[in-house]
Structure formats: C-alpha cells, structure tokens
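Analysis of the macromolecular model
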Amino acid sequence: MYRIKKEVLLNSEFTIVVSDSDVLSCVCGTNDSNLKLIEDHLGVSIYTKGNEISVDNNNPQVREQFQFIIDRIIDEISDGGKNGEDIVLSVLNTQKKSKKEDSVICVPGSYKRIYPRTQNQAEYINLLQSKDMVFCTGVAGSGKTFLAVAQALMLILSHKKNKLIITRPVVEAGESLGFLPGDLEQKLDPYLRPLHDAMESIIPIEVVNRLFESGTVEVAPLAYMRGRTLNNAVIILDEAQNKTCSQMKMFLTRMGENSNVFVTGDSTQIDLPKKVESGLSHAMNVLYKIEEIGFIQLTTDDVVRNSLVKQIVKAYEYEEKRSES
C-alpha cells in the first residue's frame, strides 16, 4: 500500500501519508503545482510535510473529497500513469460534472478500481449503477464496452447477480457464422474476444476462465435467447448497431426480474444493409421517454484507448462531414 490515512482531531487536521517518494512527487507535481489545482477545486489549503499531505478542515465532505481525490490519483499512478498533471486534471474534471465520489467501479478481486477518465464516463458509470437498463453509444475507444463489463463483473463477483450473459452480432461485414471452423464456442470466440479481453484486463485470467467454465458467464448468439426469460442476471449486448429493429425488441424483452441490461454500440459503424434500420437507433428513439432507462452518448473527447485513436476518429468524422456538405 502506498498510503496510510490518519486524523489528528485536536487541530482538525486530516493527513494522508504516502510512503513512496516517487508517487508523492508525482501527486504533488513540480513546485506543488498539482496540489494547487486540488486546492482550487476544494477551496481549502493543502500543505505537505515530509511524506504527508494534509488539509486543515473540519468539514466531513471536504475531507471525504480530499481523501477520494488523493486515493484516486495514487491508484492511477500505480496503474502506470506517468503524467501527474494529466491525472489530476482528469480526476477533477470528472468530479465537476458528477459531483459524486462514488463514480468508481470496485470489482472484487480486481487488479484495480475502475475510474472514469472523462466527465461523460463519470455520468455513464452513475447510470450503470443507478439504472436497470442503460443504452450507451460512442466511437471506438471511448470506454462504452469496458465500463459495462466492469460493472457487470462487480455485480456477479459481489453476488448481487447470479449470471452474466453477453452477446454480439455474429454476422458482420458479409461474414457468416456458419463459414467459421469449429463448434459453436469456437465460432463465437472471434466475436466475443473484445469482451473477453476487457475481463482479463480487470480480473486475473484464471478467474475469467473459472467464470466461463462454471457457466456464471455465458456467451450466446441472439437467436439462442428467443423464448428465454433472464432473471437475476446482467445482460450485455455489444455492437448493438448491427441488430435489426425486430432483433432489438426480442432482446430487450428477455429481461426478467432483478436483472440489468447494458446495450452498447457505435452508430458510425453500422454493417447492416443500407435499407435496413439499425435496431439501436430505433430503440433509443422509441424508449427515450422511459425514465427508468438511462441513455448516454460518448464522443471523441472520451476516447482513452490511445491518443492516436482519437486523432483517427476525428479525421474520419471530419471527412464524413466534408463529403456530406
């Protein structure tokens, strides 16, 4: 552990001890520039002494925010983050919108806590944690699938749900499932690999394998879900833009008691025939007035996969707009 927290009640001081000097230096920034950003955000003075970072304030909310911010910064650094200022700005920006310190996904047995990297991602996490059904659209690399998988793993590994069922379209870009070699599981593997990779980046691979082997995690083509009622489960539909309207209606009505449904997709990457309407766009237009359903759109500003990916997505968006005009 990098830190130990302690409270000195006699002088209202709240202190966090950071035992690793390199981590402490990254948290504070050059000439304490990062601490000044946190001071401006909280509206209180922060000071350091040795390996201690302290705030002298009796307000429990200020203390809670201070602790959350420092803890999250340390977690991000521990996860490989090098630029302390970028990390601090990301933490503070997500807090400004959500106003919640619980915009974090804590998966039992995970390598790390899952934090939002942008304001929209913070809102997305809040929806995943508060709504039974959530639709999220966004470009590649914006975190829509990763965060849905993280929340689903939290729910099943904390025994709040019994099962995770995941599905994606199995016909893309003219390639049919029937032409792929192997049994059903082998045929599905290329389509479900992104979800599998997301799981392995959150929890150990042996835990992932155990979840699949025990049937706690099930992968299924959409056609195999017809007629089922999915109770006490988390159901993820990824790449939903490639479902037809009738397929989407069938999928959404599989939801049973005490279940969560997370639908993700990218409306800029529709592989359906030109005259076939995307079930994702249709469903969002039909269901948007239902308060119990959450809707959010992630943009290129939410791309965190790689800075180059963000540039690529923006370049394609610019070209599409130019060709339309």
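In this text the structure is predicted, and so the values were computed from the model without any measurement.

Regarding the packing of aromatic side chains
- Taken as a whole and assessed by the stated rule, the structure comprises three aromatic pairs.
- Look at Phe135 and Phe295: their rings are 5.4 Å apart centre to centre, the planes differ by 15 degrees, and that puts the pair in the stacked class. One end of the pair, Phe135, is in strand β5 (residues 133-137); the other, Phe295, is in strand β10 (residues 293-297), and 160 residues separate them in sequence.
- By relative accessible area, Phe295 is classed as partly exposed at 25%.

Details of the confidence of the model for the protein
- Of the residues in the protein, 83% have a pLDDT of 70 or more, and the chain-wide mean is 84.
- Every residue in residues 1-10 scores below 50 in pLDDT, and together they form 30 contacts with partners more than four places removed in sequence or on other chains.

Topic: the nonpolar core
- Counting 36 residues, the largest nonpolar core has Tyr124, Leu153, Leu164 and Ile203 as the members making the most contacts within it.
- Taken together, the elements giving at least two residues each to this core come down to α5 (119-130), β5, α6 (144-157), β6 (163-167), α7 (184-200), α8 (205-213) and β8 (233-237).
- A total of 10 residues in this core trace back to one element, the largest contributor, which is α6.
- Counting residues in each nonpolar core, the second largest holds 26 residues, with Leu24, Val44, Val62 and Ile70 among its members.

Structural notes on helix α9 (residues 245-252)
- Burial in α9 covers these residues: Met248, Met250, Phe251 and Leu252.
- Looking at the buried side of α9, the elements it contacts are β5, β6, β8, β9 (260-265) and α10 (279-287).

Digging into the pattern of salt bridges
- Counted under the stated rule, the structure contains five salt bridges.
- In this structure, the salt-bridge partner of Lys163 is Glu218, at a minimum N-O distance of 2.9 Å. Of this pair, Lys163 sits in strand β6 while Glu218 is found in strand β7 (residues 217-219), placing the two residues 55 residues apart along the sequence.
- On the accessibility criterion, Lys163 (27% relative accessible area) is partly exposed.

Observations regarding the side chain of Asn232
- Relative to the helices and strands, Asn232 is located in the loop between β7 and β8.
- Among the polar contacts listed, one links the side chain of Asn232 to the side chain of Asn258, at a separation of 2.4 Å.
- Leaving out residues up to four positions away in the same chain, Asn232 has contacts with Lys160, Lys161, Asn162, Lys163, Glu257, Asn258 and Ser259.

What to know about the sheet that holds β10
- Taken in spatial order, the six strands line up as β7-β6-β8-β9-β5-β10 in an open sheet, and their pairing is parallel. A single partner strand is all that each edge strand has here, and the edge strands are β7 and β10. Each strand axis lies, on average, 15 degrees off the axis of its neighbour in the sheet, ignoring direction.
- Pairing between β5 and β10: five bridges, direction parallel.

Some points on the pairing of strand β3 (residues 46-49)
- Note: β3 against strand β4 (residues 52-56), four bridges, orientation antiparallel. Residue pairing for β4: Ile46 is matched across the bridge by Val55.

A few points about the state of the cysteines
- One pass over the structure, following the stated rule, counts zero disulfides.
- Counting only cysteine sulfurs, Cys26 is the nearest neighbor of Cys28, a cysteine outside any disulfide, at a range of 9.5 Å.

Focus: the environment of Leu230
- Note that Leu230 resides in the loop between β7 and β8.
- For the pair Leu230 and Asn258, spaced 28 residues apart in sequence, the C-alpha to C-alpha distance is 9.1 Å.
- What Leu230 contacts, discounting residues up to four positions off in sequence, is Ile165, Met225, Ile235, Arg254, Met255, Gly256, Glu257 and Ser259.

Considerations on a nonpolar patch on the surface
- A surface patch of nonpolar side chains, about 340 Å² in accessible area, is lined by Leu308, Ile312 and Tyr316.
- Here Ile312 lies in helix α11 (residues 307-324).
- Look at Ile312 and you get partly exposed, because its relative accessible area is 43%.

Let's talk about the packing of helix α1 (residues 21-28) against helix α3 (residues 60-78)
- Close contact between α1 and α3 brings their axes to 10 Å; oriented N to C, the two are set at 120 degrees. The orientation of α1 with respect to α3, classified from their angle, is oblique. Between α1 and α3 lies a crossing whose hand is right-handed. Packed against α1, whose contacting residues are Val23, Cys26 and Val27, the element α3 presents Ile70, Ile73, Ile74 and Ile77 at the interface.
- The residue makeup of the contact of α1 with α3, split by class, is seven nonpolar, no polar and no charged.

Quick look at the environment of Asp56
- Topologically, Asp56 is positioned in strand β4.
- Residue class for Asp56 comes out partly exposed when judged on its relative accessible area of 44%.
- Separated by 41 residues in sequence, Asp56 and Thr15 place their C-alpha atoms 8.5 Å apart.

Focus: the side chain of Asp302
- By the element assignment, Asp302 lies in the loop between β10 and α11.
- Using a relative accessible area of 2% as the deciding quantity, one classes Asp302 as buried.
- At 2.6 Å, the side chain of Asp302 and the side chain of Thr118 are in polar contact.
- Polar side-chain contacts of Asp302 include one of 3.0 Å to the side chain of Asn120.
- If we ignore the near neighbours within four places in the chain, the residues touching Asp302 are Thr118, Asn120, Gln121, Gly141 and Ser142.

Conventions adopted
Residues numbered from 1 in each chain as written. Predicted model: local features only at pLDDT ≥ 70, side-chain atom pairs only at ≥ 80, totals over all residues. Heavy atoms only, no water. Phe/Tyr/Trp six-rings, centres within 6.5 Å; stacked < 30°, edge-to-face > 60°. Helix = DSSP H or I, 4+ residues; strand = E, 2+ residues; numbered from the N terminus. Buried < 20%, exposed > 50% of the residue type's maximum accessible area, 1.4 Å probe, protein only. pLDDT = per-residue confidence, 0-100. Contact = heavy atoms within 4.5 Å. Core = buried A, V, L, I, M, F, W, Y, C linked by side-chain atoms within 4.5 Å. Salt bridge = Lys/Arg side-chain N within 4 Å of Asp/Glu carboxyl O. Polar contact = N/O pair within 3.5 Å; in protein donor to acceptor, adjacent residues only side chain to side chain. Pairing = 2+ DSSP bridges. Axes fitted to C-alpha atoms, helices over the stretch in contact; angles between N-to-C directions. Disulfide = S-S within 2.5 Å. Patch = residues over 30% accessible without salt bridge, like charges linked within 9 Å, V, L, I, M, F, W, Y side chains within 5 Å. Areas by Shrake-Rupley, 256 points an atom, 1.4 Å probe, with all protein chains shown as cover. Parallel < 35°, antiparallel > 145°, perpendicular 65-115°, else oblique. Left-handed = near helix turned anticlockwise from the far one by under 90°. Nonpolar A, V, L, I, M, F, W, Y, C, P; charged D, E, K, R; others polar.

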